[in-house]
Amino acid sequence: MKKHMAWILFLLSLLCLMAAGNLILVLLAIYQQPAKQDNTSFLPTEAELGTCEIFVNNITCRDIHTVHQVKGELCERITTLAAKLVPFRQTVWTERVLGEREDAFVRFKNDKVQYTISFIDTDKQLAWDYIHRDAPVVAIQKIEFDEEYGNPHIIWGWVCTMTAADFAELFDMVSSYSEPYQS
């Protein structure tokens, strides 16, 4: 009987130790989690975008690699609207590979970083009968350039929403922009 009691006490002690160990692991997991960041803290601010040159690609460009540099008072308004993005969800690799048709994009670029905001399926998003017309989406991607060779590295990509009015105004400016005629 004493032998069985010793085994039972041993097993109960072992169970208590395992339960305590699991409790410690759960508590560590809870307290080791990174603090949640402000949901918009990673997006570029108006001040950060203001340090960049602005380029657009739209229907007036020959191909995807042709851009117009935006100059003048339009830069400030484009920057203000671009800083109003609200993150919806992070993009995944397959979206970049199988992506939808891009209608136009605006690119903010300096020596260290590049942000590209792409307008996707705008005909659908601006249609009166589109279910999500009040919160149209754009894709934004951040690229940083390494200091040694200037090679680009994709840092992140997000799908963001905008108000319908801001989306329409920004898309109108980007899609209709062409470089001033120079004689």
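Shown above is the structure to which this text applies.
**As for helix α6 (residues 164–176)**
Stage number 1. Between its terminal C-alpha atoms α6 stretches 18 Å, which fits the 18 Å expected from 13 residues at 1.5 Å a residue.
Stage number 2. Within α6, the full set of buried residues consists of D166, F167, L170, F171, M173, V174 and S175.
Stage number 3. Those residues of α6 that are buried lie in contact with β1 (53–57), α3 (74–82), β4 (102–109), β5 (113–120), α5 (122–125) and β6 (137–145).

**Focus: unusual backbone geometry**
Among all residues save glycine, negative phi is the norm, and among peptide bonds the norm is trans.
Stage number 1. Phi is positive for D121, which is not a glycine, with a value near 50 degrees.
Stage number 2. For D121, the position within the fold is in the loop between β5 and α5.
Stage number 3. For D121, a relative accessible area of 17% translates into the label buried.

**Considerations on α3**
Since there are 3.6 residues in each turn of an α-helix, residues three or four apart along the chain are aligned in direction.
Stage number 1. Along α3, the residues that are buried comprise C75, I78, T79, T80, L81 and A82.
Stage number 2. In this fold, the buried residues of α3 make contact with α2 (46–49), β1, β2 (68–70), β4, β5 and α6.

Cut-offs used in this document
Residues numbered from 1 in each chain as written. Predicted model: local features only at pLDDT ≥ 70, side-chain atom pairs only at ≥ 80, totals over all residues. Heavy atoms only, no water. Helix = DSSP H or I, 4+ residues; strand = E, 2+ residues; numbered from the N terminus. Expected span 1.5 Å × (residues − 1). Buried < 20%, exposed > 50% of the residue type's maximum accessible area, 1.4 Å probe, protein only. Contact = heavy atoms within 4.5 Å.

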